[in-house]
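Residue-level structural notes
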Amino acid sequence: MLLSFAAHGQFYKHKYNTKKPSEADKFEKTQWWLGFKAGANLTEPNVSQQYYGFSPVNYQASDLDKDYDSWDKLGGQAGLEITFYHQGFSFSFQPNYRRQSFSYSNTYQWLSSENSANSIDLKYDYNHKLDYVELPLIIKYDILKGSKFRPFVQVGGYYATLTNANKEIEISGTDYASGNAGPFDNQQLIIGANDLFIKSSVGILGGVGVAYDFWNIRLVFDASYKHGLNNIADQKNRYAENQLSGLGDALDDVQLNNLSFNFGALFPLRFISSEGHNAVR
């Protein structure tokens, strides 16, 4: 309240709005969410150095280079989301169990020294399936606040621990040397590959998403790009698997990038009133 003096010598009172925000107003700006998320992912291997199981004699080492496939093997993940929201910003911890796959292939040819028409072509397809317990920390920002439909952007990082790894090998080819040219039956092998990879994986991520509030449930869809920062190959055990060395295979130094798509349902942990069960938005 302020007193002022008018021209006729009278004092007038000027009132200003000094009303403080109510506890409900403050309460509605903060919320805890807990829910479940699941989805699919695709992986891109990023190779920094290639290694070979054979030593080239009369050909270039580059002839042994592997052909990598990107974004072609579907994986999946499922886990929890624990999120603290305050005035448009969300701080989220999303532990999950993730399987991701990457593959490469290599080809070899045997030629008879006496007759070049006699040859055997071989193709080896290698598919790696890696299971991780992943611990991401993510910051989200709502582009639209205070509405049921909320697009958002997100950035963060993750640490993951390897729990299991398998290497699937499919061998195919054509035999021109036996007198009855034609393909031979494919052979398939599955080899435990835990020792070929280090136990940890770290990286950064960024993505976009949208949330929709339905009653007291928040439905969320997001897409994230994850960039691996470390080489996941165990350099000490590169040639430790005799079965792979006999096939001429050695794991390269590789980092993994990943596209992840998730759908989730989150439930609020704070309510304005227990009688009406009105969740904070």
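Before reading on, note that the structure itself is shown above.
Residues numbered from 1 in each chain as written. Predicted model: local features only at pLDDT ≥ 70, side-chain atom pairs only at ≥ 80, totals over all residues. Heavy atoms only, no water.

1. Thoughts on the overall build of the protein chain
Summing up its helical and strand segments, the protein chain has two helices and 14 strands in all. Burial status across the protein chain gives 37% buried among its 281 residues. Across the protein chain, contacts joining residues at least 24 apart in sequence account for 74% of those joining residues at least 6 apart. When the accessible surface of the protein chain is split by element, carbon and sulfur atoms take 57% of a total near 15,900 Å². (Helix = DSSP H or I, 4+ residues; strand = E, 2+ residues; numbered from the N terminus. Buried < 20%, exposed > 50% of the residue type's maximum accessible area, 1.4 Å probe, protein only. Contact = heavy atoms within 4.5 Å. Areas by Shrake-Rupley, 256 points an atom, 1.4 Å probe, with all protein chains shown as cover.)

2. Some points on the environment of E241
By secondary structure assignment, the location of E241 is in the loop between β13 (217-228) and α2 (242-246). The class of E241 is partly exposed, set by a relative accessible area of 25%. As a C-alpha pair, E241 and L196 span 45 residues in sequence and 8.2 Å in three-dimensional space. Those residues in contact with E241 that lie beyond four places of it in its chain are I191 and G192.

3. Focus: the nonpolar core
One finds F102, Y124, L130, I169, F197 and I232 to be the most contacted residues of the largest nonpolar core, which totals 24 residues. Counting only elements with at least two residues in this core, the list comes to β7 (96-111), β8 (119-142), β9 (149-175) and β14 (253-268). Sort the elements by how many residues they give to this core and β9 lands first, with five residues. Residues contacting F197, with those up to four places away along its chain left out, are F102, H128, L130, L162, A165, I232, A233, D234 and L251. W33, F152, A211 and L266 belong to the second-largest nonpolar core, a separate cluster that totals six residues. (Core = buried A, V, L, I, M, F, W, Y, C linked by side-chain atoms within 4.5 Å.)

4. Examining the environment of P136
Tracing the backbone shows P136 in strand β8. In this structure, the C-alpha to C-alpha distance between P136 and Q94, residues 42 residues apart in sequence, is 5.5 Å. Those residues in contact with P136 that lie beyond four places of it in its chain are S92, F93, Q94, P95, N96, G157, Y158 and L205.

5. Thoughts on the packing of aromatic side chains
Taken as a whole and judged by the stated rule, the model has seven aromatic pairs. Between the aromatic rings of Y104 and Y126, the centroid separation amounts to 5.1 Å while the plane-to-plane angle is 40°, which identifies the pairing as tilted. In this pair, Y104 is assigned in strand β7 and Y126 in strand β8, connecting sequence segments 22 residues apart. Judged on exposure class, the residue Y104 and its partner Y126 are both buried. Ring geometry for Y108 and Y124: centres 5.5 Å apart, planes at 75°, overall edge-to-face. Here Y124 lies in strand β8 and Y108 lies in strand β7, a separation of 16 residues in the sequence. In this pair, the class of Y108 matches that of Y124, namely buried. Grouping aromatic residues by their ring pairs yields a cluster made of F54, Y68, Y104, Y108, Y124 and Y126. Sitting above the plane of the F152 ring, K140 keeps its charged end 5.0 Å from the centroid. The positively charged end of R238 is found above the aromatic ring belonging to Y51, 3.6 Å away from the centroid. (Phe/Tyr/Trp six-rings, centres within 6.5 Å; stacked < 30°, edge-to-face > 60°. Lys NZ or Arg CZ within 6 Å of the ring centre and 35° of its normal.)

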